[in-house]
Each structure stands twice: as structure tokens, then as C-alpha cells.
Amino acid sequence: MNEYVAECRREWRRLGVSSPIADEMAAELEADLDEAPSLDEALGTDAADAHAFARRWALERGVVPPPRRGLRAGLVAALAAFALAAIAGALLMTFSSPSHSERLVVATVPQTVSVLERPAVAAALMAAAAATRSNVTPPPPVLRLATIDDAGVDADTVGLVLLIVGLAGFLPLALLASRRLVLRRA
Amino acid sequence: MAVDVGRRTQLLRGVLDLCALAIMAEGPVYGYELTKRLRERGLTMVGEGSIYPLLARLEREGLVETYRAASNGGPPRKYYRPSAAGSRAFAAGISEWQATRDALDSVLQPEVTQ
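Residues numbered from 1 in each chain as written. Chains lettered and ligands numbered in written order. Predicted model: local features only at pLDDT ≥ 70, side-chain atom pairs only at ≥ 80, totals over all residues.

1. Side note on the overall build of chain B
Where we set the bar: Each helix is a run of H or I in the DSSP string that is no shorter than four residues. Each strand is a run of E no shorter than two, and both are numbered from the N terminus. In this scheme every C-beta is placed from the backbone, and a residue whose C-beta has 20 or more other C-beta atoms within 10 Å is buried, one with 12 or fewer is exposed, and one in between is partly exposed. Here contacts are defined at the residue level, using C-beta atoms placed from the backbone and a cut-off of 7 Å between them.
For chain B, the count of helices and strands is six helices and two strands. With 114 residues in all, chain B has 27% of them scored as buried. Considering only contacts within chain B whose residues lie at least 6 apart along the sequence, 45% involve residues at least 24 apart.

Following this line, the structure appears as C-alpha cells:
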């Protein structure tokens, strides 16, 4: 069998065309190609892409289901939704994590001096404050760890849930989508 | 020019089934023979590979009948000819084509049609 015809037949079988129909289409094509001076002469630009040609032929003949555009659109929409959920979850977790909700307050009595959001800087300040206490007369700074935003804990949980749901939905769908893409190009 | 070829291809796409039915009405043809005969009539822009999907669609829609017959020394070929429904569709298509052509002519070549 002509290599081009064999390629078409493989594509038809891969698309789910029954063996007798694939054989019949292959026989028709092969008989015609026998007469043509060249593949290009018989099929023109389709000579360069047996898969596309075979797919179009099978589709028009009605022996394979038409491409499900609704399914593809749904897949893209679901991927986007899960990705957005994961990103939103990650952002929530980042900006409402305990290291941010619990803030170190450096204060003199009775006036608040500053609010620090970086534990490392806070630790340095605590050390500095301790040193200051020995050298400076009152009022020494009072350092305390305070939870500024109690709602941060809830946001953190919500963020975690969103991240897990987003990733759990996105990863399998992305795998499925890439597999369909690879199969289509193969 | 590429633009002209593209436009002619687009124009042909809508009536290629009628052209195929017209050729078949003259006598049964196989796929490659149909391609050659369309080219002989000046339709050189026919996408060669588009003939087989077109024939498949006509067959699916019941507009053509097929049969296999031995060729000269080669493998049996699949021949196509219009079915009764295909002949009716062809006649209706000719009327549509003429009406469309007249309407287009009146727009594109008003001095000729008036």
C-alpha cells in the first residue's frame, strides 16, 4: 500500500473509523493515486498532510463524530476558573499568613511608636530595645506581639482551600488538555 | 495574484457541489477523474484534496449513488453518479445559482444588466 494511503488508513483507525470503512476509503484513494502522475498532482496541498486530509474526509463522510467545540470551550473555561482559584488562594495565603497577621508592636508607654511587619526586623528591634533598656532612662520601649487582624486566620484558611481546590482541578485538566493536544498533533 | 486566487477559491467553495453534480450528470466519475474534468473546464483552483471529502458529504446526504467497477488493469474504482435526490438538488441549486448570479451582476456590473 502507498505510504500516504497507509498513513490515512492509520489516521482513520485512530479516529475510530471501522476497519471495513477505512479499508474501503483506502482502496478508493489508492486506486485513484495509481492513475495520478504524482501525489501532489492528485491531492495538491493535502499531499503534505495526510492526517488533516484523512480527518476531513472521515468527518465529511460522517464516520467520525464532529469536533466538540462546546467541550473544548468548557475545558478552557474550567482551566481558567481553577487557575484563578489557585492564584486567589495563593494571594490570600500570602497576604494573610500568620507572619503578617501577627505584628510586633514597638511602643513606648503610652504612645505607639511603630508597627513592624517583618519578624526579622522586629527581632532586631527587640534586641535593640533590650540594649536600650540598659542604657537609656525611662520610658523604655515596650514590645509585644499582637494579632492586628483576627480575620486573617479565616482568610488564610479560605486561601488554603482555594489553592488546593484550584490545583486539584487545574492539574488533571491541564494534563488532559495537553494529552488531547499531543494526540491531535500526532 | 494570491488575493484573486483566494477569492475565486472562496467563490467556488459554495458551488463546488453543484459543479461536481453537473459533471456526474454527464456520466459516472471516480474521484480523480472528477478532479481532472473540473480542471479541464477551467476550475484549476479546485483544491484537489477537497474532492474526496466533498464526494463523501454528497454520499452521506444521499445525493450520489456509488458502485465499484474494475479499471483497466488497476484496482477497482469507486464511481459516483447523482441519485434521484441529487438530481433534484442539482436542479434547485442551478436556480439558486442563477438568481444569485443575476443579483450580483446587478450590483457589480449595473451597466451590463440595465
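2. Here's the deal with helix H1 (residues 3–15) of chain A
All names here are of chain A. Heads up, the condition is: The span you would expect from a helix comes to 1.5 Å times its residue count less one.
Taking 1.5 Å as the rise per residue, H1 with 13 residues should run 18 Å; its terminal C-alpha atoms sit 18 Å apart, in good agreement. In this structure, the buried residues of H1 make contact with helix H2 (19–35) and helix H4 (50–61). Within two residues after H1, Gly16 carries a phi angle of roughly 100°, on the positive side.

3. Section: the confidence of the model for chain A
Residues and elements named next belong to chain A. Here is the rule: Think of pLDDT as the predictor's per-residue confidence, scored from 0 to 100.
When the pLDDT values of chain A are averaged, the result is 75; 65% of them are 70 or greater. Per-residue pLDDT, averaged within each element of chain A, yields its smallest value for strand E2 (residues 112–116) (48) and its largest for H1 (94). Taken as a whole, residues 107–113 scores under 50 in pLDDT and shows 13 contacts with residues more than four places along the chain or in a different chain.

4. Re the confidence of the model for chain B
A low pLDDT means the predicted coordinates there should not be read in detail. Averaged over all residues, the pLDDT of chain B equals 87, while 90% of them reach at least 70. What the predictor reports for the complex is a pTM of 0.60 with an ipTM of 0.82.

5. Regarding the interface of chain A and chain B
Interfaces are often sized by the accessible area lost when the parts come together. Contacts between the two partners involve 20 residues from chain A, matched on the other side by 18 residues from chain B. Mapped by element, the contributors of at least two residues to the side of chain A that touches chain B are H2, helix H3 (39–43) and H4 of chain A. Top contributing element to the side of chain A that touches chain B by residue count: H2(A), with eight residues.

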